[in-house]
Amino acid sequence: MNTRKRNSGGQAIVMVTLALFSMVGMMGLAVDLGWSSFVQKQAQAAADSAALAAAQEAVTRLGVSTNVSGFNCGSSGVGAGKIECTEAPGATALQYCGSSVNATSNLNDGCLYAKRNGFQYDAAGSRQIVSIQSGDATDTNAPPGVKRISYWVRARTIQTIPQLFSFLGGHLTGTVAANGTAAIAGSITPGSFFGMNHAGDCWSLPGAAGVNCGMDLDARSTGKGKTACPGSGGGYGQACAPAGIILSSTCNSIAAGCSQAWAGNATTGNGVETGSLVVMGTNSSTGGATPGDWHDTSGNAVAPTYSTANAQFKDPTAPNGQPPLQTSNPIPSCGLSGGALSSGSPVGPFQYYAYNTLLNGKPKPTGDPIKISGTVTFSASGTCPGVSSGGTSQGSFASYVFYGGLNVTGTMNLTSGQYVMAGVNSSLPNSSVLNVDKGTIQPGDASATSTGAMFVFTDGAYPGLGGTQAQGNSGTGQITNLPNWQSMPALYQGNLDFKNPDITMSGVVNSSVGGSGLPASMNAYTGIVWWQDRRNAMVEYNQNPALAPNCPNCTGDDGTVVGCVDRTAAGCTLSQTTAEIVTDNHVTSTSPGQTLDPGNGTLNLSGVYYQPRGAWLRLVHGTGLGSGSLQTVTGSLDLS
């Protein structure tokens with residue numbers, strides 16, 4: 001019996017010893033896991049701050065005068081003021097802080113922030129490593145699912161940590177890692193308004209004195225048009241811009257260089273609802289008062305912010321040129337007898353023109369508008385009516401060109417792409433480049449929403465279409481596909497004419513967004529739904545000098561303003577007469593202005609509505625542009 005007791009005691013000692021090993025192992029595991037969790041949080045904070053710092057420095061270097069969302073790695077670099085893309089052609093995809101990251105690069109700001117968060121990366125073979133890579137939306141490693149991205153930075157932090165107790169199990173070290181990604185992405189700011197006219201920019205008509213000079217916004221009530229603002233909690237006004245308003249005019253009263261104030265209604269409750277108001281000039285230049293009634297969603301007065309920083313009031317679409325035609329091949333032509341385009345098989349991306357007779361056995365273009373009746377569906381794979389086969393393939397996002405304007409009395413079903421209204425017959429100066437008489441324009445397939453569609457209002461000399469549009473000029477580029485082009489009347493800019501239309505459109509969607517088929521070359525124009533040619537204005541935007549005989553300062557399309565009737569207007573380097581601007585811009589007496597009056601119809605545009613400085617938009621009968629998802633950029637908005 002004694003022996004059995006001793007044996008039992010020995011077993012107990014063995015069991016206790018084994019239990020101690022297990023307890024120590026569990027304690028070690030708990031301590032090591034806790035330490036790893038602490039280090040992992042530190043690594044994540046360092047990675048996040050590094051990515052954000054490098055991206056923020058990129059924004060700072062781009063500056064307020066640059067279209068930040070339009071950046072791409074084609075203009076990258078590592079010097080002061082440059083933005084580095086490690087995934088640009090010929091560049092290393094991964095840079096390491098403390099070794100390969102250039103001290104002048106914006107990425108070095110990320111390294112410094114990582115160091116402030118505990119990742120030193122000092123010595124070779126250090127237990128801490130910080131790596132950074134960057135690029136734009138076209139790169140393979142771009143973060144997925146980020147909408148309208150133009151630049152991204154990804155930081156990785158790695159640390160090797162010793163194991164305090166787990167080494168008993170043979171694990172001497174452990175590794176902790178974290179990723180942080182930051183991106184610059186453009187966005188459509190819903191419910192915002194940008195009035196670009198400066199003090200000397202007038203609604204000038206040929207043969208008439210300047211009127212409404214310096215007008216950015218006229219919301220004076222005439223007893224009609226007052227409406228409830230969406231999401232305002234009961235607020236109402238002539239205009240609803242909850243995301244903010246920028247007015248580029250120094251005018252605030254009848255003053256030198258100005259024939260008309262920008263104004264709101266003095267009656268409480270009308271006027272304009274907005275979240276913020278920025279006005280060019282100083283408070284002293286306004287006499288200490290802001291005309292009009294500006295209020296927020298709760299009806300409280302909104303005090304203006306004054307600024308003399310001219311860069312803040314430049315055309316926000318610069319320095320990009322005008323949206324390029326989307327084609328990898330010459331756009332084939334499609335002649336329509338009498339200009340009629342009616343129901344039938346889907347029609348494709350062609351240069352559509354009207355003709356009545358033949359010349360040398362081929363259609364002779366008349367410059368008359370294309371007329372859509374019945375139901376016409378557009379498709380990238382569609383054909384030219386009466387022709388058995390389509391032209392050359394233009395891709396899924398293509399350009400549809402209409403010479404002489406477009407009249408819609410039926411239903412126009414859109415697919416994704418550009419719809420270019422290429423001017424009106426110069427012998428009919430008051431003709432409309434887009435006329436919708438009880439017609440319907442709407443998405444015809446899913447791509448018209450997932451990728452979007454863009455209307456371009458222009459003339460026959462839009463970049464990519466051809467020559468000077470003087471009658472008898474054979475033109476160059478895409479235009480040469482039209483037979484007997486020398487017989488086409490000169491095509492000038494036109495205005496818009498609506499009678500009870502139903503129009504629903506969504507602007508183009510950045511190629512980085514899932515489901516979008518937009519070409520990457522169009523990402524700088526993300527959101528644009530309607531674009532009016534910059535030359536369709538009473539100021540001189542920079543353009544091809546061959547198209548502007550009265551503009552010696554013109555060098556090319558870059559979104560800058562070079563000429564005005566009044567050179568004192570900010571941004572003008574050339575003083576021109578009204579007649580000179582009319583000649584250079586191919587405008588008619590009314591074309592710089594667009595008057596939208598849907599009557600009993602609907603006008604639902606979502607995206608960015610763009611007109612150049614020196615153009616104007618007049619809304620009547622309480623017209624609404626979209627349902628709170630539109631950004632309006634124009635010279636002047638008239639709601640009076």
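Before reading further, recall that the structure is shown in the block above.
Overview of the structure. No experiment lies behind these values; they were computed from the predicted model shown.

**Quick notes on the packing of aromatic side chains**
The way to describe two aromatic rings as a pair is by their centre distance and the angle between their planes.
Right, so step 1: This model, assessed by the stated rule, comprises 16 aromatic pairs.
Right, so step 2: Between the aromatic rings of F378 and F402, the centroid separation amounts to 6.0 Å while the plane-to-plane angle is 85 degrees, which identifies the pairing as edge-to-face. Here the residue F378 occupies a position in the loop between β20 (375-377) and β21 (398-403), and F402 occupies one in strand β21, the gap between them amounting to 24 residues. With respect to class, F378 is no different from F402; both count as buried.
Right, so step 3: Judged by centre distance (5.6 Å) and plane angle (40 degrees), the ring pair of W530 and Y609 falls under tilted. A residue pair is termed long-range when its members are at least 10 positions apart, and W530 in strand β32 (residues 528-532) and Y609 in strand β37 (residues 602-610) qualify at 79 residues.
Right, so step 4: Given the relative accessible area of 1%, W530 is considered buried.
Right, so step 5: Among the aromatic residues, those joined into a ring-pair cluster are F350, Y352, F378, Y400, F402, Y419, F455, F457, F498, W530 and Y609.

**Focus: the side chain of S516**
Right, so step 1: Within the fold, S516 resides in the loop between β31 (502-506) and β32.
Right, so step 2: Among the residues examined, S516 registers a relative accessible area of 14% and is labelled buried.
Right, so step 3: Among the polar contacts listed, one links the side chain of S516 to the backbone oxygen of N510, at a separation of 3.3 Å.
Right, so step 4: Apart from residues no more than four positions distant in its own chain, S516 is found in contact with S450, T451, V509, N510 and S511.

**Structural notes on the sheet that holds strand β3 (residues 149-162)**
Right, so step 1: Strands sit in the order β1-β2-β3-β4 across an open sheet of four strands; the sheet is antiparallel. On the outer flanks of this sheet lie β1 (95-96) and β4 (173-185), each paired with one strand and no other.
Right, so step 2: Relative to β3, strand β2 (residues 128-135) is paired through eight bridges, and the arrangement is antiparallel. Bridged to G135 within β3 is W152.
Right, so step 3: This element, helix α2 (residues 107-116), spans β2 and β3 of the sheet and lies at about 150 degrees to β2.

**Thoughts on helix α4 (residues 578-585)**
Right, so step 1: Inspection of α4 places T578, I581, V582, D584 and N585 among the buried residues, and these make up the whole buried set.
Right, so step 2: Of the surrounding elements, those touching the buried residues of α4 are β33 (540-541) and β34 (561-564).
Right, so step 3: Directly beyond the C-terminal end of α4, a positive phi value near 55 degrees is found at H586.

**Focus on a nonpolar patch on the surface**
Right, so step 1: On the surface, Y96, I129 and I158 cluster together into a nonpolar patch covering about 230 Å² of accessible area.
Right, so step 2: Examined against the element boundaries, I158 turns out to sit in strand β3.
Right, so step 3: I158 sits in the partly exposed class, given a relative accessible area of 31%.

**Brief notes about the state of the cysteines**
Right, so step 1: Under the definition given, this model contains five disulfides.
Right, so step 2: Two residues share a disulfide in this structure: C334 and C384, whose sulfurs sit 2.0 Å from each other. Residues C334 and C384 are joined by a disulfide whose S-S torsion is about 80 degrees; by sign, that bridge is right-handed. Placement of C334 in strand β15 (residues 333-337) and of C384 in the loop between β20 and β21 is noted, with a sequence separation of 50 residues between them.
Right, so step 3: Judged by its relative accessible area of 1%, C334 falls in the buried class.
Right, so step 4: With a sulfur-sulfur separation of 2.1 Å, C551 is cross-linked through a disulfide to C554.

**Quick look at the nonpolar core**
Right, so step 1: Among the nonpolar cores identified, the biggest contains 55 residues, and F378, F402, M412, Y419, F455, M505 and W530 are the most heavily contacted of them.
Right, so step 2: For F378, the contacting residues outside a window of four places in its chain are L341, V347, Y352, I372, Y400, F402, M412, N413, T415 and Y419.
Right, so step 3: Judged by nonpolar contacts, the second largest core, of 35 residues, contains I331, L465, Y541 and V633.

Calculation rules
- Residues numbered from 1 in each chain as written.
- Predicted model: local features only at pLDDT ≥ 70, side-chain atom pairs only at ≥ 80, totals over all residues.
- Heavy atoms only, no water.
- Phe/Tyr/Trp six-rings, centres within 6.5 Å; stacked < 30°, edge-to-face > 60°.
- Helix = DSSP H or I, 4+ residues; strand = E, 2+ residues; numbered from the N terminus.
- Buried < 20%, exposed > 50% of the residue type's maximum accessible area, 1.4 Å probe, protein only.
- Polar contact = N/O pair within 3.5 Å; in protein donor to acceptor, adjacent residues only side chain to side chain.
- Contact = heavy atoms within 4.5 Å.
- Pairing = 2+ DSSP bridges.
- Axes fitted to C-alpha atoms, helices over the stretch in contact; angles between N-to-C directions.
- Patch = residues over 30% accessible without salt bridge, like charges linked within 9 Å, V, L, I, M, F, W, Y side chains within 5 Å.
- Areas by Shrake-Rupley, 256 points an atom, 1.4 Å probe, with all protein chains shown as cover.
- Salt bridge = Lys/Arg side-chain N within 4 Å of Asp/Glu carboxyl O.
- Disulfide = S-S within 2.5 Å.
- Core = buried A, V, L, I, M, F, W, Y, C linked by side-chain atoms within 4.5 Å.

Structural measurements only, silent on function.
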